[in-house]
Amino acid sequence: MNVFIEFTYLAASILFILGLKGLSHPESARRGMIYAEIGMLLAIVGTLVHKEIVSYEWIIAGLIIGSLVGGAISIWVPMTAMPQRTALSHAFGALAASLVGISEYYRHAGHVETVKMTALGLEVMLGGLTVTGSLMAFVKLQDWIRGTPITYPGQNVVNMTLFGVMTLMLIYVIVVPSATLAFYSVVGLAYLFGVLLVLPIGAADMPVVMSLMNSYAGLAAAATGFAISNNVLIIAGTLDGFSGFILSILMCRAMNRSISNVLFGAFGSEATAARGPEGGVMREVSADDIALQMAYARQVIFVPGYGMATAQAQHAVRELATLLESRGVTVKYAIHPVAGRMPGHMNVLLAEANVPYSSLYDLEQINSEFPGADVAVVIGANDVVNPDARDNPQSPIAGMPILDVDRAHSVVVLKRGKGKGFAGIENPLFFKPNTGMLYGDAKASLIKLADAVQHV
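Novice: Now, about the pairing of strand 6 (residues 435–439): what can you tell me, with residues and values included?
Specialist: Taken across its five residues, strand 6 has five buried, putting it largely inside the fold. Along strand 6, one buried face is formed by T435, M437 and Y439 and the opposite face, lined by G436 and L438, is buried too. In this structure, strand 5 (residues 410–415) lies alongside strand 6, joined through five bridges in parallel fashion. Within strand 6, the position partnered with V413 by the bridge is M437.

Novice: For the sheet that holds strand 5, give the residues involved together with the corresponding values.
Specialist: Taken together, six strands build an open sheet; the order of strands is 3-2-1-4-5-6 and the sheet is parallel. Taken across any chain shown, the strands that pair with only one partner, and hence form the sheet edges, are strand 3 (360–362) and strand 6. Shown here is a sheet whose adjacent strand axes are inclined to one another by a mean of 25 degrees, direction ignored. Pairing between strand 1 (residues 299–304) and strand 4 (residues 375–379): five bridges, direction parallel. For F302, the partnering residue across the bridge sits in strand 4 and is V377. Set on the sheet, helix 14 (residues 345–352) makes contact with strand 1, strand 2 (330–335) and strand 3; between it and strand 2 the angle comes to about 145 degrees.

Novice: Tell me about the packing of aromatic side chains, residues and numbers included.
Specialist: Given two aromatic rings, their pairing is described by the distance between the two centres and the angle made by the two planes. The tally for this structure, following the rule as stated, stands at six aromatic pairs. Between F183 and Y184, the aromatic rings sit 5.2 Å apart at their centres with planes inclined by 80 degrees, giving edge-to-face as the arrangement. A residue is classified by how much of its surface remains accessible, and Y184, at 33% relative accessible area, is partly exposed. For the ring pair F302 and Y333, a centre distance of 5.7 Å and an interplane angle of 25 degrees mean the geometry is stacked. Of this pair, F302 sits in strand 1 while Y333 is found in strand 2, placing the two residues 31 residues apart along the sequence.

Novice: An account of the pattern of salt bridges is needed here, citing residue identities and associated values.
Specialist: For the structure shown, the criterion picks out 10 salt bridges. Between R390 and D391 there is a salt bridge, and its shortest N-O distance comes to 2.9 Å. Its relative accessible area of 28% is what places R390 among the partly exposed residues. The network of salt bridges with common partners includes R390, D391, D404, D406 and R407.

Novice: Report on the packing of helix 4 (residues 82–107) against helix 5 (residues 114–141), specifying residues and quantitative values.
Specialist: Two elements in contact, helix 4 and helix 5, have axes separated by 7 Å at closest approach and are oriented at 155 degrees. With respect to their mutual orientation, helix 4 and helix 5 come out roughly antiparallel. Of the two elements, helix 4 crosses helix 5, and the hand of that crossing is left-handed. A breakdown of the residues in the contact of helix 4 with helix 5 according to their chemical character gives 17 nonpolar, eight polar and three charged.

Novice: Residues and numbers for unusual backbone geometry, please.
Specialist: Its identity as a non-glycine residue notwithstanding, D143 has a phi of 65 degrees, on the positive side. Considering the arrangement of structural elements, one finds D143 in the loop between helix 5 and helix 6 (155–175). The backbone of Q312 sits at a positive phi, close to 50 degrees, despite the residue not being glycine. With respect to the element layout, Q312 can be found in the loop between helix 12 (306–311) and helix 13 (314–326). With a relative accessible area of 41%, Q312 lands in the partly exposed category.

Novice: Summarise the packing of helix 4 against helix 8 (residues 206–228); cite the residues concerned and give the values.
Specialist: For the pair helix 4 and helix 8, interaxial distance at closest approach is 9 Å and the crossing angle is 25 degrees. With respect to helix 8, the axis of helix 4 lies roughly parallel. Considering only the axes of helix 4 and helix 8, their crossing is left-handed. Within the contact between the two elements, helix 4 uses P83, T86, A87, H90, A97, V100 and E104 and helix 8 uses M210, M213, N214, A217, A220, A221, T224, A227 and I228. When its residues are assigned to classes, the contact of helix 4 with helix 8 shows 11 nonpolar, four polar and one charged.

Novice: Lay out the environment of Y106 with the relevant residues and their values.
Specialist: For Y106, the position within the fold is in helix 4. Put simply, Y106 and T180 are 74 residues apart on the chain and 9.0 Å apart in space, counted from C-alpha to C-alpha.

Conventions adopted
Once a new chain begins, its residue numbering starts again from 1 and follows that chain's sequence as written. In view of the model being predicted, local features appear only for residues whose pLDDT reaches at least 70, and side-chain atom pairs are presented and counted only at 80 or more, with totals across whole chains, interfaces and linings using the full set of residues. Processing note: side-chain calculations cover all non-hydrogen atoms of the structure and skip hydrogens and water entirely. For the exposure calls, accessible area comes from a 1.4 Å probe over protein chains only, and a residue counts as buried if that area is under 20% of its type's maximum, exposed if over 50%, partly exposed in between. For helices the rule is a DSSP run of H or I covering at least 4 residues; for strands it is a run of E covering at least 2, with both sets numbered from the N terminus onward. Two strands are counted as paired when DSSP detects at least two bridges linking them. Axes here refer to lines fitted to C-alpha atoms; in helices the fit is confined to the stretch in contact. Angles between the N-to-C directions go from 0 to 180 degrees. Contact between two residues is taken to exist if any of their heavy atoms lie within 4.5 Å; hydrogens are not considered. Between rings of Phe, Tyr and Trp, where Trp is taken as its six-membered ring, a pair exists when centres lie within 6.5 Å; planes separated by under 30 degrees are stacked, by over 60 edge-to-face, and by other angles tilted. Salt bridge, as used here: a side-chain nitrogen of Lys or Arg that lies within 4 Å of a carboxyl oxygen of Asp or Glu. For classification, angles of less than 35 degrees are called roughly parallel, those exceeding 145 degrees roughly antiparallel, those between 65 and 115 degrees roughly perpendicular, and all remaining angles oblique. In a left-handed crossing the near helix is turned counterclockwise from the far helix by less than a right angle, and in a right-handed crossing that turn is clockwise. Any residue outside Ala, Val, Leu, Ile, Met, Phe, Trp, Tyr, Cys, Pro, Asp, Glu, Lys and Arg is labelled polar, Gly included; the first ten of those are nonpolar and the last four are charged.

Listed below in structure tokens is the structure:
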């Protein structure tokens with residue numbers, strides 16, 4: 001039986017690696033997910049036949065409840081709510097890890113050898129802060145609280161002091177494992193720190209927060225593996241932890257910001273807001289005017305953003321693109337790495353609308369094509385198309401790589417109103433002479449455009 005368990009764990013680990021590799025490219029992502037799912041199934045089977053299991057009642061109950069909840073989420077949660085669903089997944093995974101750590105400490109009555117105590121301490125600390133941090137990200141993404149940073153004087157000092165106290169108490173528990181009060185204090189401080197860590201982070205930085213929470217949850221799972229001597233948890237958790245951390249670095253690079261600035265900069269607060277061009281006027285256009293330009297264009301580039309997600313407009317985009325392609329227009333989609341509220345958010349939504357992967361272009365691929373594009377259609381994107389990042393050294397987002405939509409012959413921006421983006425910064429793109437503003441719900445606007453194109 002031990003040989004069978006180790007074989008299933010080995011197979012699961014290989015499939016996890018193949019799954020992660022598959023997720024590196026949109027065309028292989030579905031296959032990668034299948035590999036990962038099979039790997040998880042093998043890991044569960046291997047665990048269920050473990051000789052130390054004395055009763056299956058609670059395990060079966062957990063499997064049934066978990067399967068029902070997972071199935072319900074997959075059926076009823078819309079693709080536009082994937083960031084919220086992902087945040088909840090991180091929270092539940094981290095909660096499982098932290099509860100295992102608390103259980104192991106309680107089971108051994110505080111008499112734990114040093115190596116295992118280190119793993120337990122890291123497990124409850126990383127797991128605890130990930131639980132509340134992910135839940136805080138969820139409530140911000142769900143608009144239960146405002147998405148802009150929530151700050152107070154001395155917040156960073158308070159957070160760093162809290163983290164220092166928590167770390168010192170963790171070291172003390174590792175040296176003196178019988179210090180029960182200190183151990184449970186670490187648990188409580190970790191849950192508190194997770195809230196305070198994410199509270200001052202604005203919605204514009206949610207892609208980084210999501211990947212960081214993914215990293216912390218993975219590292220908590222790896223620590224769980226060390227604590228209970230489970231090899232597959234160690235491997236899977238390490239893969240998850242380090243891939244999430246690397247992704248966080250890539251997200252920060254896409255915004256030309258450091259992780260410390262994301263975590264402690266309160267980006268998007270009133271203090272970082274910049275003024276728009278004085279005396280500038282946003283030129284409002286009609287759907288008929290834009291439809292005429294698009295119908296006779298050679299190339300149209302769609303630039304999706306978070307507004308497309310909130311309006312659930314991905315299918316309307318696809319229908320308009322199909323209509324344009326039937327008229328001989330070349331259609332491409334420009335994807336910014338941090339568009340939306342989680343890594344790959346726009347890719348997921350467009351894939352749901354059956355947009356071909358070959359039509360999706362990342363920032364480096366598409367920027368050189370904007371000067372030759374007849375029309376660039378910005379759908380609810382704001383900060384990732386702000387030319388101030390490129391042209392204004394005084395801008396808070398100066399140096400951030402952007403999509404050069406302003407260099408297209410004509411730009412149309414689909415927005416609900418004249419508000420600023422999540423970074424709280426005015427966008428000079430909206431005031432340029434080649435830009436037209438089409439106000440209203442993005443989905444309704446796209447449907448109007450498609451109808452107008454048909455009648456050209």
